[in-house]
Structure formats: structure tokens, C-alpha cells
Amino acid sequence: MKNDMKNHMKTDLKIDLETEFFSGLIELGYGQDVEDQLKKIAEKIDWAKGWPENNKSFWNAEAFMWNYKIDKIKRKLITEELAFLQEGRGKNLDLGCGAYSYIPSVGFDISEKMLLFNDNCKEKIIGSLEEDLPFKDNLFDSVTAVFVLNYVKNHQQLLLEIRRVLKEKGIFVAVLYSGTINNWQNQKVVNNYVFSEWRCILQKTGFSVESYEKEKFWFFRCKNKS
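## Concerning the overall build of the protein chain
Okay, step 1: Of the regular secondary structure elements, the protein chain holds eight helices and seven strands.
Okay, step 2: Scored against the burial criterion, the 226 residues of the protein chain give a buried share of 46%.
Okay, step 3: For the protein chain, the exposed surface amounts to about 12,700 Å²; the carbon and sulfur share of it is 49%.

What follows is the structure, given as C-alpha cells:
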């Protein structure tokens with residue numbers, strides 16, 4: 001009985017800390033000066049330790065706010081642009097999928113909290129995009145990376161890994177935003193190339209690239225050359 005009460009108290013304490021942390025994130029989003037306070041709370045929460053400097057903890061925390069980052073109209077547009085990948089094209093890998101995938105996918109993300117919220121992933125795999133992908137060669141018919149490449153320091157190696165895991169003549173679609181990212185997430189941006197630079201980078205990696213802009217979104221449809 002005593003052990004049950006202790007476990008119950010620990011669970012309640014954990015919930016209270018997480019609630020306090022999430023409430024602070026909302027205040028932070030409205031410009032309140034609560035970062036130092038949130039850092040102290042984060043050290044008491046296993047999945048948030050090291051926040052916001054630690055990338056994994058940062059994106060774990062962002063999972064809670066993710067549904068509010070992109071409005072439904074923009075999500076609908078991106079979903080429509082990616083719909084062709086579902087037309088009998090087989091298995092898709094969504095890199096840095098976060099809490100939302102635009103088509104049914106194998107989801108790959110550094111944040112276990114993000115993956116927990118993602119209902120459009122058939123499989124969920126935790127891992128870093130700064131390392132080699134844990135997949136066999138020629139495994140996927142398509143790969144997507146939506147609002148991801150700006151956050152990957154070793155992006156050229158990642159693009160080579162994408163080519164490796166894609167099937168012959170497979171398709172990679174990268175989506176980037178041409179506008180200004182909110183200041184909070186902007187702290188994690190590690191590269192900020194313009195449209196023409198991304199196209200050149202993708203071509204130099206060995207992709208055949210079709211690119212266009214729509215509603216401030218950059219779309220890069222990349223075919224894996226044989």
C-alpha cells in the first residue's frame with residue numbers, strides 16, 4: 001500500500017511538473033521572460049533535461065506546441081502537393097517527421113515526444129539526421145523532408161544517405177519555407193540557403209531536380225538517377 005502511494009505521488013509530481021513546463025512554453029510563445037524558470041523545471045523532467053540547448057529536449061518540448069505552428073490551410077496545400085507520392089508509389093520515409101506527417105510514412109525523428117503525437121506514421125523510429133540512416137540500401141520508394149533541411153548541419157551527407165536508401169528512380173521531396181521562421185525555432189537553424197542554392201546542392205548530390213515555389217513554400221521534387 002505504501003509503495004503504491006509513493007508511486008502515485010511520483011506520478012502526480014511528474015504530471016504537475018510537465019503541466020507547469022507546458023504552461024511556461026505557452027507563456028514563452030507570447031513573449032514572456034520565463035526561459036530561466038523553464039530551464040530549472042526541465043532538469044526535473046527526463047525527456048526535457050538540457051532544454052533548450054539540447055536538440056532532442058528542444059524538439060521534445062516543441063511537440064506540445066506543434067499543432068499550432070502551421071495552420072490548416074497551409075497543411076492542406078502541402079498535403080495536396082505530396083499526394084502524388086501515394087498514388088501506387090509504395091513505401092515513404094518521412095525524415096524529421098515531427099508530430100505530423102503529410103502522407104502515411106515510416107517516421108524518423110530525434111524526438112520521441114514528436115513521434116508520439118504523429119498518427120500518420122506506420123512505423124516510428126528515433127534517430128539523428130546528423131548520422132547515417134539506419135536503413136538498408138534501396139529500401140524506400142520515396143523520401144520526404146518537410147521543413148527539415150535548415151536544421152541539419154551535415155545536410156550534404158544526409159542527402160547522400162537519402163540517395164542510398166531510395167530505390168532506383170525513387171523520389172525525394174524536400175519542402176522549405178521562404179518566409180521568416182519564428183525567432184524561437186530560428187535558434188536551431190544551421191543553414192539558410194536561398195532557393196537557387198538548394199537546387200544547386202540537390203543537383204550536385206546527384207538528383208534530377210524539379211523545383212517551384214507556391215504560397216511561400218519551396219518544393220523540390222528530386223528523382224534518384226540510376
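## A few points about unusual backbone geometry
Okay, step 1: Look at the link from W51 to P52: it is a cis peptide, with omega at 0°.
Okay, step 2: Relative to the helices and strands, P52 is located in the loop between helix 2 (35–42) and helix 3 (55–65).
Okay, step 3: Backbone geometry at F147 places phi at a positive 55°, although glycine is not the residue there.
Okay, step 4: Its place among the elements puts F147 in the loop between strand 4 (140–146) and helix 6 (155–165).
Okay, step 5: Despite not being glycine, K216 has its phi angle at roughly 70°, a positive value.
Okay, step 6: Mapped onto the elements, K216 comes out in the loop between strand 6 (207–214) and strand 7 (217–224).

## Considering the packing of helix 6 against helix 8 (residues 195–205)
Working note: a packed helix pair is described by the angle between its axes plus the distance between those axes.
Okay, step 1: Two numbers describe how helix 6 lies on helix 8: the axes approach to 10 Å, and their chain directions differ by 50°. In terms of orientation, helix 6 and helix 8 fall into the oblique class. Viewed along their axes, helix 6 and helix 8 form a crossing whose handedness is right-handed. Each of H155, L159, L160 and R163 in helix 6 lies in contact with helix 8, whose residues at this interface are W198, I201, L202 and T205.
Okay, step 2: For the contact of helix 6 with helix 8, the residue count by class is five nonpolar, two polar and one charged.

## Observations concerning helix 2
Okay, step 1: By the burial criterion, the buried members of helix 2 are L38, I41 and A42. Each buried residue of helix 2 sits inside an arc of 100° when the element is viewed along its axis, so together they form one side. More than 90 degrees from the buried face of helix 2, the exposed residues found are D36 and K40.

About the cut-offs
- Residues numbered from 1 in each chain as written.
- Predicted model: local features only at pLDDT ≥ 70, side-chain atom pairs only at ≥ 80, totals over all residues.
- Heavy atoms only, no water.
- Helix = DSSP H or I, 4+ residues; strand = E, 2+ residues; numbered from the N terminus.
- Buried < 20%, exposed > 50% of the residue type's maximum accessible area, 1.4 Å probe, protein only.
- Areas by Shrake-Rupley, 256 points an atom, 1.4 Å probe, with all protein chains shown as cover.
- Axes fitted to C-alpha atoms, helices over the stretch in contact; angles between N-to-C directions.
- Parallel < 35°, antiparallel > 145°, perpendicular 65-115°, else oblique.
- Left-handed = near helix turned anticlockwise from the far one by under 90°.
- Contact = heavy atoms within 4.5 Å.
- Nonpolar A, V, L, I, M, F, W, Y, C, P; charged D, E, K, R; others polar.
- Arc of directions from axis to C-beta.

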